[in-house]
Amino acid sequence: NLILDTRVYDVMINDGSTQQYAANRLALSMYDQVDSQRHRTKVMNEISKHRSTNNAAHISDGYVVNSKGSKSRKITTKGWDFLVDWRDGSQSWIL
């Protein structure tokens, strides 16, 4: 059982440094990134930057009126890009 494995491994990080990680921690990290159908996922650490484009929804377009005349906020990311820092240390723009 990988979760109960107590061995420790030296792991070389992208910057060339070496750190020690327990086998069970490495296994959990791998399980965190691959689902049961073997699709790879990334776990987001944070959104580090954002930017708007010319297609961004204008504030005046930010509401929807229902059939009863009630006004509610429209939630959208249209026209916004986000720079995401992933837990594996990589970054990518989500457009």
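Residues numbered from 1 in each chain as written. Predicted model: local features only at pLDDT ≥ 70, side-chain atom pairs only at ≥ 80, totals over all residues. Heavy atoms only, no water.

### Some details on the layout of surface pockets
- Reported here for the second largest pocket is a volume of approximately 230 Å³.
- Lining the second largest pocket are Ala 57, His 58, Ile 59, Asp 61, Gly 62, Tyr 63, Arg 73, Lys 74, Ile 75, Thr 76, Lys 78 and Trp 80.
- For the lining of the second largest pocket, the class distribution of residues is five nonpolar, three polar and four charged. (1 Å grid on protein atoms, 1.4 Å probe; cavity = no way out; pocket = protein on both sides within 12 Å on 5 of 7 lines; lining within 4 Å. Points joined across faces, edges and corners; volume = space filled by probe spheres on them. Nonpolar A, V, L, I, M, F, W, Y, C, P; charged D, E, K, R; others polar.)

### Overview of the environment of Ser 70
- One can find Ser 70 in the loop between strand S4 (63-65) and strand S5 (71-73).
- Classification of Ser 70 by relative accessible area gives partly exposed; the value is 40%.
- Those residues in contact with Ser 70 that lie beyond four places of it in its chain are Val 64 and Val 65. (Helix = DSSP H or I, 4+ residues; strand = E, 2+ residues; numbered from the N terminus. Buried < 20%, exposed > 50% of the residue type's maximum accessible area, 1.4 Å probe, protein only. Contact = heavy atoms within 4.5 Å.)

### Structural notes on the sheet that holds strand S6 (residues 80-86)
- Read across the sheet, three strands follow the order S3-S6-S7 without closing on themselves; strand pairing throughout is antiparallel. Looking at strand neighbours, the two that pair on one side only are strand S3 (44-52) and strand S7 (91-94), the edges of this open sheet. Between one strand axis and the next, the sheet turns by 25° as a mean value, whatever way the strands run.
- As paired elements, S3 and S6 share seven bridges and run antiparallel to each other. Residue pairing in the sheet places Ser 52 in a bridge with Trp 80 of S6. (Pairing = 2+ DSSP bridges. Axes fitted to C-alpha atoms, helices over the stretch in contact; angles between N-to-C directions.)

### So, the pattern of salt bridges
- Overall, the coordinates contain one salt bridge when judged by the stated rule.
- Its salt-bridge partner being Arg 51, residue Asp 81 comes within 3.1 Å of it at the nearest N-O pair. Here Arg 51 lies in strand S3 and Asp 81 lies in strand S6, a separation of 30 residues in the sequence.
- Assessed through its relative accessible area of 8%, Asp 81 is described here as buried.
- Relative accessible area serves as the criterion here: at 37%, Arg 51 is assigned to the partly exposed category. (Salt bridge = Lys/Arg side-chain N within 4 Å of Asp/Glu carboxyl O.)

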